Amino acid sequence: HGTWPGKDAGLTEREADTLTLLVKGLENDAIAEQLYVSPNTVKARLKSIYRKIGAGNRVQAALWAVDHGFEPDRRIDWAG
């Protein structure tokens, strides 16, 4: 698929999709619904994302994401 925001920080494409929805302001349940995964999967992905980017919470993760090219209107590639 090429590249996606956060790839250089070690984020997977699915983690990038999860972070994009977090930047939009969605809660875990809504992120899970959008990505067709369980809320527990979202929690696990966020924990992994936080570790990879050095964030301690949602706000820090969102700020990091915006600084690293994530945009709330970024199209998520559902075929991935």
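The coordinates are above.
Numbering of residues begins from 1 in every chain and follows the order in which that chain's sequence is written. Only residues with pLDDT of 70 or above have their local features reported here, since the model is predicted, and side-chain atom pairs are shown and tallied only from 80 upward, although totals for entire chains, interfaces and linings are computed over all residues. Side-chain descriptors were evaluated using all non-hydrogen atoms of the structure, hydrogens and water having been removed beforehand.

K.L.:
Can you help me understand the packing of helix α2 (residues 28-35) against helix α3 (residues 39-53) in this one?
P.N.:
Two packed helices can be described by the angle between their axes and the distance between those axes. Relative to each other, α2 and α3 sit at 105°, their axes nearing to 8 Å. The angle between α2 and α3 places the two elements in the roughly perpendicular class. Residue-level inspection shows N28, D29, I31, A32 and L35 of α2 in contact with α3, the latter providing P39, V42, K43, R45 and L46. A per-class count over the contact of α2 with α3 returns six nonpolar, one polar and three charged. Working convention: axes come from line fits to C-alpha atoms, limited for helices to the stretch in contact. Angles between N-to-C directions cover 0 to 180 degrees. Put simply, DSSP H or I for four residues or longer makes a helix, DSSP E for two residues or longer makes a strand, and each gets a number counted from the N terminus. Working definition: roughly parallel below 35 degrees, roughly antiparallel above 145 degrees, roughly perpendicular at 65 to 115 degrees, and oblique for all remaining angles. Throughout, a residue-residue contact means that at least one pair of heavy atoms, one from each residue, lies within 4.5 Å. Residue classes follow a fixed rule: Ala, Val, Leu, Ile, Met, Phe, Trp, Tyr, Cys and Pro count as nonpolar, while Asp, Glu, Lys and Arg count as charged, and any other residue, Gly among them, counts as polar.

K.L.:
Quick question: what am I supposed to make of α3 here?
P.N.:
In an α-helix there are 3.6 residues to a turn, and that puts residues three or four apart on one side. The end-to-end C-alpha distance of α3, which contains 15 residues, comes to 21 Å, matching closely the 21 Å that a straight helix rising 1.5 Å per residue would cover. Of all the positions in α3, only V42, R45, L46, S48, I49, Y50 and I53 are classed as buried. Elements that come into contact with the buried residues of α3 comprise α1 (13-23), α2 and α4 (58-67). At the exit of α3 stands G54, carrying a positive phi of roughly 75°. A helix's residues, less one, multiplied by 1.5 Å, set its expected span. Exposed residues in this analysis have more than 50% of their type's maximum accessible area, buried residues have under 20%, and partly exposed residues fall in between, with area computed by a 1.4 Å probe over protein chains only.

K.L.:
What am I meant to see in the pattern of salt bridges here?
P.N.:
A side chain of one charge can pair with a side chain of the opposite charge when the charged atoms of the two come close. By definition, a salt bridge exists where a carboxyl oxygen of Asp or Glu is found within 4 Å of a side-chain nitrogen of Lys or Arg. Scanning the entire structure with this criterion turns up two salt bridges. For D17, the salt bridge goes to R14, with nearest N and O atoms at 2.1 Å. Separated by three residues within a single helix, D17 and R14 lie in helix α1, roughly one turn from each other. Note on D17: relative accessible area 1%, which makes it buried. By relative accessible area, which is 23% here, R14 ends up partly exposed. A salt bridge links K52 to E15, with the nearest nitrogen and oxygen atoms 2.8 Å apart. Taken together, the residues K52 in helix α3 and E15 in helix α1 connect sequence positions 37 residues apart.

Note that every value here comes from positions in space, so none of it alone points to a role or purpose.
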